[in-house]
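Architecture and fold: a report
Given next are the chains, with one letter for each unit.
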Amino acid sequence: MRGLVLAIFMVWASVAGAQNCRDVKFGDQAPRPPQNASRDIVGQSLDEIVERGWILFAVYDEFPPFVFKKDGKAVGIDIDLGRLIAETLGVEARFNIVGAGENVDADLRNNVWKGPLVSGRVSNVMLHIPYDRELQCRNELVVLTGHYFQETIAIAYRKADYPDGGPTPPYFRYDSVGVENDSLADFYLSGIANGQIIPNMTRYDSTEDAMAALREGEVKAVMGPLTQLQFGKDAQVAVHQPPLVGLSRGKWTLGVAVRHSWRPLGYAVDDAIRAAVEDGRMAKIFGQYRVEYNAPEW
């Protein structure tokens, strides 16, 4: 589901193509006009958060290396990032671990500015939100800020199967490749070479499952987000980033979302993240999970 959420975001953003809000329908013209929610539902201001002593982060469930379970506890890059932000604010970090909705807009609605229709709660900050001007225009009740890394599409492969170097997509007309079902990699490989790659594709519930299959030799390669591929590889697997012809958007910036009415909180979170990027603490967090840190382009 998370792969589908991201794929929908990437395709929608590339198709829309506008560089301002003029051509984006929002407010009363949007498909789902925003509705007001009371102050006790939408969260707290920065001063109230500091006074009560804790801040609530929304993070995606089972999304290694960003969030996963170890010894029964949630760990990962986004968990560490939440704690870093909370420490900067002088409060305790608490986490609302959520499943991905039908798209990023729904995730913002359910976890940042309104809340789900049945049970659940909104959070003060949601992590791992792709930044895009169109997404911001469509969701005027949130502020997208705090860019903390840049993700990109890559290919993991078994070294023994490709001793002369990593494969490019044309190899998969003959070789097996794994992808997360309904992900950007799935859509891309399905659409090139007039569908000739489809018979050699194996779709998995997650990139994590695809990487497990690669380690076991069930497929020769896996295509997906670089960070997830690096986290899932072993000594028999390598990862590379070949040119991907026809992929209009192979990299994207990830940041955070806060409700529009709590801009001082957004500023404070952005300051904490920027400082961690500049002084190396962010790269250290990523390094602890054996993945390469790619700084955002501010």
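All of these numbers come straight from a predicted model, not from anything done at the bench. (Residues numbered from 1 in each chain as written. Predicted model: local features only at pLDDT ≥ 70, side-chain atom pairs only at ≥ 80, totals over all residues. Heavy atoms only, no water.)

Each helix and strand in the protein chain was counted, giving 11 helices and 11 strands. Per-residue burial over the protein chain gives 54% buried out of 298 residues. Sequence separation of at least 24 residues holds for 75% of the intrachain contacts in the protein chain that already meet a minimum separation of 6. If you sum the accessible surface of the protein chain, you get close to 14000 Å²; carbon and sulfur atoms cover 48% of it. (Helix = DSSP H or I, 4+ residues; strand = E, 2+ residues; numbered from the N terminus. Buried < 20%, exposed > 50% of the residue type's maximum accessible area, 1.4 Å probe, protein only. Contact = heavy atoms within 4.5 Å. Areas by Shrake-Rupley, 256 points an atom, 1.4 Å probe, with all protein chains shown as cover.)

Moving on to the packing of aromatic side chains. Within this structure, the stated rule accounts for 12 aromatic pairs. Judged by centre distance (6.3 Å) and plane angle (75 degrees), the ring pair of F66 and F286 falls under edge-to-face. One end of the pair, F66, is in the loop between β1 (54–60) and β2 (68–70); the other, F286, is in helix α11 (residues 281–287), and 220 residues separate them in sequence. Here F286 falls in the buried class, since its relative accessible area comes to 0%. Look at Y148 and F149: their rings are 5.5 Å apart centre to centre, the planes differ by 40 degrees, and that puts the pair in the tilted class. Each member of the pair Y148 and F149 is classed as buried. Through successive ring pairs, a cluster of aromatic residues spans Y60, F63, F66, Y148, F149, F286 and Y293. Positioned above the aromatic ring of W54 is the side chain of R52, whose terminal nitrogen or guanidinium carbon lies 3.6 Å from the ring centre. (Phe/Tyr/Trp six-rings, centres within 6.5 Å; stacked < 30°, edge-to-face > 60°. Lys NZ or Arg CZ within 6 Å of the ring centre and 35° of its normal.)

This next bit is on helix α10 (residues 263–278). Between the first and last C-alpha of α10 there are 22 Å, a value that for 16 residues agrees with the 22 Å anticipated at 1.5 Å per step. Those residues of α10 not exposed but buried are L265, G266, A268, V269, D270, A272, I273, A276 and V277. At the exit of α10 stands G280, carrying a positive phi of roughly 95 degrees. (Expected span 1.5 Å × (residues − 1).)

With respect to the element layout, V122 can be found in the loop between α5 (104–113) and β5 (125–130). We classify V122 as buried; its relative accessible area is 9%. Remark: the alpha-carbon pair of V122 and F57, spanning 65 residues in sequence, is separated by 9.1 Å.

This brings us to the side chain of D175. With respect to the helices, strands and loops of the structure, D175 is situated in the loop between β6 (142–158) and β7 (177–180). In terms of polar contacts, D175 uses its side chain to reach the side chain of Y162, at 2.8 Å. Beyond its immediate sequence surroundings of up to four residues, D175 is in contact with Y162, N200 and K220. (Polar contact = N/O pair within 3.5 Å; in protein donor to acceptor, adjacent residues only side chain to side chain.)

A few words now on unusual backbone geometry. Cis geometry marks the peptide bond from P64 to P65, where omega comes out at 5 degrees. Following the sequence through the fold, P65 ends up in the loop between β1 and β2. For E62, which is not a glycine, the phi torsion comes out positive at approximately 45 degrees. Counting through the fold element by element, E62 comes out in the loop between β1 and β2. Overall, the relative accessible area of 40% leaves E62 in the partly exposed class. Phi at D71 is positive, roughly 55 degrees, even though this residue is not glycine. Here D71 falls in the exposed class, since its relative accessible area comes to 75%.

The subject of this paragraph is the side chain of H240. When you line up the elements, H240 lands in strand β10 (residues 237–240). Within the structure, the side chain of H240 is placed 2.7 Å from the backbone oxygen of P167, a separation counted as a polar contact. Discounting residues that sit within four places of it in the chain, H240 has contacts with A154, I155, Y157, G166 and P167.

Here we take up the confidence of the model for the protein chain. This prediction gives the protein chain a mean pLDDT of 88; 85% of its residues lie at or above 70. The low-confidence segment residues 11–19 (pLDDT under 50) makes 11 contacts with residues lying over four places distant or belonging to another chain. Residue range residues 33–42 is modelled with pLDDT below 50. Its contacts to residues more than four positions away, or to other chains, number 19 contacts. (pLDDT = per-residue confidence, 0-100.)

Before going further, it helps to examine helix α7 (residues 184–191). For the α-helix, the turn length of 3.6 residues means that residues three or four positions removed from each other point alike. With respect to burial, α7 is a largely interior element, six of its eight residues being buried. Of all the positions in α7, only L184, A185, D186, Y188, L189 and S190 are classed as buried. Downstream of α7 by a residue or two, A193 has a phi angle that is positive, lying close to 55 degrees.

What follows concerns the pattern of salt bridges. Where charged atoms from two side chains of opposite charge come close, those side chains can pair. A complete count under the given rule lists nine salt bridges for this structure. The salt bridge partner of D161 is R158, with a shortest N-O separation of 3.6 Å. Here R281 makes a salt bridge to D279, at a shortest N to O gap of 2.8 Å. Exposure remark for D279: the relative accessible area of 46% places this residue in the partly exposed category. (Salt bridge = Lys/Arg side-chain N within 4 Å of Asp/Glu carboxyl O.)

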